[in-house]
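# Fold and geometry: a report
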Amino acid sequence: MAFFSGNKQADDQDETAKNIFLFTLNQKNVLITGANGQLGNEMRRASVKHENNFKFFFTDVAELDITNRDAIDAFVKENHIKYIINCAAYTAVDKAEDDIDLCYKLNRDAAINLGIVATNNGAKVIHISTDYVYDGTASTPYKETANVNPQSVYGKSKQEGEAGLMEACPDSIIIRTAWLYSIFGNNFVKTMIKYGKERDTLNVVADQTGTPTNAADLANAIIKILDFSVANKFESGIYHYSNEGVTTWYDFTLAIHKDAGITTCKVNPITTDQYPTKATRPQYSVLDKTKIKTTFNISIPTWEESLNICIKELLSI
Ligand SMILES: NC(=O)c1ccc[n+]([C@@H]2O[C@H](COP(=O)([O-])OP(=O)(O)OC[C@H]3O[C@@H](n4cnc5c(N)ncnc54)[C@H](OP(=O)(O)O)[C@@H]3O)[C@@H](O)[C@H]2O)c1
């Protein structure tokens, strides 16, 4: 391709053409799956903040069904995808106990699909997993090397998805997160605000300990990981991400009501036994985040400050 002729106007045009050509050549195309979910929507917002020449393709089941391997392969080929960020999942934890096939299809088989397609096309995967891979019997924060022992269909399907993905595409990053909420979708924060406004009293489990995660923070961390991967190398492996700090669902609820200005609802602490659910939850699922912070130079806000930001935004909508 000739970019210079000696004629000024033609050379200016050639310079522009050359820049467009180089820009396109260097472009890193990123596929986001499950883009209509909590995290997927936060990825849409976070994606404007990157420092590289990324082009994002946001898809949900209507545009790209990740249970269909051929469809993923065609999409990845056609759009020259270099990174796949999998935000899609079966996340209805209690429903999963009866809806086993669909849960595994999405959380295990589709993760493997993405890994196979990535390997065949020279792409890399960033996949999201969960604290439910742990049994919750620990009393100190879980490191990524801790034994997995999921206690629910959802947890087992996610754990098998992790293992299957790593086998299909060892060059993957898996981020286990916990207690995810956002201004998008349905989640604990929104439910507690709703109930807090409607009810005089509310009983909330006080013997399950963990850390909430504002999906906006996780999305920003994923963008940082992408930037880091271009500037340095793709550091494959398993990582933990939640906000900083530790709480219980009960104390989380008190903070939600305080930030939302709800004063008319009395919140009572109860035990897990007093609130039976179909799926078993981890009693303790605090995640040690040292690895993700040191590897990618990520600083993580506390759950209190991130909750405050989310609720301010929710109240302004
Ligand atoms: N939510 C939590 O508390 C939590 C905690 C720990 C870890 N995680 C993990 O974090 C990740 C993100 O969770 P999230 O809360 O953002 O999930 P979410 O809000 O449930 O979003 C998942 C998205 O995936 C879509 N989807 C369903 N089937 C699909 C298919 N076949 N192909 C493509 N997309 C499909 C869903 O569409 P439909 O809505 O139409 O089904 C939805 O838009 C998941 O991996 C989850 O396991 C979540």
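Please refer to the structure higher up on the page.
Worth saying up front: this structure is predicted, and the values here are computed from it rather than measured.

Within the protein, the regular secondary structure consists of ten helices and twelve strands. In terms of overall dimensions, the protein is globule-like: its C-alpha atoms have a radius of gyration of 22 Å, near the 20 Å expected for 317 residues. With respect to the principal axes defined by its C-alpha atoms, the protein has extents near 80 × 40 × 35 Å. Burial analysis of the protein (317 residues in total) assigns 43% to the buried set.

Remark on secondary structure: sheet strands pair via backbone hydrogen bonds, oriented parallel or antiparallel. With parallel pairing, the six strands of this open sheet are ordered in space as β2-β1-β3-β4-β5-β10. Either end of the sheet is taken by a strand with one partner, and the two such strands are β2 (54–58) and β10 (237–240). The sheet shows a mean angle of 20 degrees between the axes of neighbouring strands, taken without regard to direction. Bridge count between strand β4 (residues 124–130) and strand β5 (residues 172–177): six bridges; the pairing is parallel. Across the sheet, T130 pairs through a bridge with T177, a residue of β5.

Core analysis: the biggest nonpolar cluster contains 81 residues, and I32, M43, I84, I85, L114, A219 and I222 have the highest contact counts within it. In terms of residue count, helix α7 (residues 215–231) provides more of this core than any other element does, nine residues in total. Non-local contacts of L114, meaning those with residues more than four positions away in its chain, are made with I66, I72, I84, N86, V125 and L165.

For the rest of this paragraph, the subject is the packing of helix α4 (residues 100–121) against helix α5 (residues 153–168). The interhelical angle for the contact between α4 and α5, taken along N-to-C directions, is 15 degrees, at an axis separation of 8 Å. It follows that α4 is roughly parallel to α5 by the angle criterion. The way α4 lies across α5 gives a crossing that is right-handed. Here I100, C103, Y104, N107, R108, A111, I112, L114, G115, I116 and T119 of α4 come into contact with α5, specifically with V153, Y154, S157, K158, E160, G161, G164, L165 and A168. Taken together, the residues of the contact of α4 with α5 break down into eleven nonpolar, six polar and three charged.

This part is about the site of the ligand. For the ligand, the set of nearby residues contains 25 residues, the closest of which are G34, G37, Q38, A88 and A89. When contributions to the shell around the ligand are tallied by element, the ones reaching two or more residues are α2 (38–46) and β4. Examining the composition of the shell around the ligand, we find that three residues originate from one element, α2, more than from any other. Across the shell around the ligand, the residue classes break down as eleven nonpolar, eleven polar and three charged.

Regarding helix α3 (residues 69–78), the residues found buried are I72, F75 and V76. Buried residues of α3 fall within an arc of 95 degrees about the axis and therefore sit on the same side. Summarising the geometry of α3, the exposed residues directed more than 90 degrees from the buried face are D70, K77 and E78. The inward-facing, buried residues of α3 abut β1 (28–33), β3 (81–86) and α4.

Scoring rules and cut-offs
Residues numbered from 1 in each chain as written. Predicted model: local features only at pLDDT ≥ 70, side-chain atom pairs only at ≥ 80, totals over all residues. Helix = DSSP H or I, 4+ residues; strand = E, 2+ residues; numbered from the N terminus. Rg over C-alpha atoms; globule rule 2.2 N^0.38 Å. Buried ≥ 20, exposed ≤ 12 C-beta atoms within 10 Å, placed from the backbone. Pairing = 2+ DSSP bridges. Axes fitted to C-alpha atoms, helices over the stretch in contact; angles between N-to-C directions. Core = buried A, V, L, I, M, F, W, Y, C linked by C-beta atoms within 7 Å. Contact = placed C-beta atoms within 7 Å. Parallel < 35°, antiparallel > 145°, perpendicular 65-115°, else oblique. Left-handed = near helix turned anticlockwise from the far one by under 90°. Nonpolar A, V, L, I, M, F, W, Y, C, P; charged D, E, K, R; others polar. Near = placed C-beta within 6 Å. Arc of directions from axis to C-beta.

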